[in-house]
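Structural overview for review
Spelled out, the chains give:
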Amino acid sequence: MKHCDRYPRIDGTVEIIFASGIDYLFDESKECALIVRTVR
């Protein structure tokens, strides 16, 4: 799977999924869902 800014990996072991995209992360008028999971 090709990765983009919506699915950043930290140390190759943890993946953060921005369900609404990273653009909504700093916009207080929008909601942003984050999913954190471990990857193997």
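Residues numbered from 1 in each chain as written. Predicted model: local features only at pLDDT ≥ 70, side-chain atom pairs only at ≥ 80, totals over all residues. Heavy atoms only, no water.

1. Overview of the overall build of the chain
Along its length, the chain carries zero helices and three strands. The order of α-helices and β-strands along the chain, N terminus first, is β-β-β. Contacts in the chain between residues at least 24 apart in sequence constitute 15% of all its contacts with a sequence separation of at least 6. Here the chain has roughly 3,500 Å² of accessible surface; of this, 52% comes from carbon and sulfur atoms. (Helix = DSSP H or I, 4+ residues; strand = E, 2+ residues; numbered from the N terminus. Contact = heavy atoms within 4.5 Å. Areas by Shrake-Rupley, 256 points an atom, 1.4 Å probe, with all protein chains shown as cover.)

2. Points about the pattern of salt bridges
Applying the stated criterion across every chain yields a total of two salt bridges. Of the charged contacts, one joins arginine 9 and glutamate 15 as a salt bridge, the two residues approaching to 3.5 Å between their closest N and O atoms. On the basis of relative accessible area, glutamate 15 is assigned to the buried category, the value being 0%. The residue glutamate 15 makes a salt bridge to arginine 37 at a minimum N-O spacing of 2.6 Å. (Salt bridge = Lys/Arg side-chain N within 4 Å of Asp/Glu carboxyl O. Buried < 20%, exposed > 50% of the residue type's maximum accessible area, 1.4 Å probe, protein only.)

3. A look at a nonpolar patch on the surface
Taken together, the side chains of Leu25, Phe26 and Leu34 define a hydrophobic patch exposed on the protein surface, amounting to about 330 Å² of accessible area. Take phenylalanine 26: it is sitting in the loop between strand E2 (14-18) and strand E3 (34-38). Phenylalanine 26 sits in the exposed class, given a relative accessible area of 72%. (Patch = residues over 30% accessible without salt bridge, like charges linked within 9 Å, V, L, I, M, F, W, Y side chains within 5 Å.)

4. Some details on unusual backbone geometry
Generally, phi is negative for residues other than glycine and the peptide bonds are trans, each holding for most cases. With a phi angle near 55 degrees, aspartate 11 is a residue other than glycine that sits in the positive phi range. Here aspartate 11 falls in the exposed class, since its relative accessible area comes to 74%.

5. Brief notes about the confidence of the model for the chain
The share of residues in the chain with pLDDT of 70 or more is 80%, and the mean pLDDT across the chain is 77. Across the chain, E3 holds the top mean pLDDT of 88, while strand E1 (residues 9-10) sits lowest at 80. (pLDDT = per-residue confidence, 0-100.)

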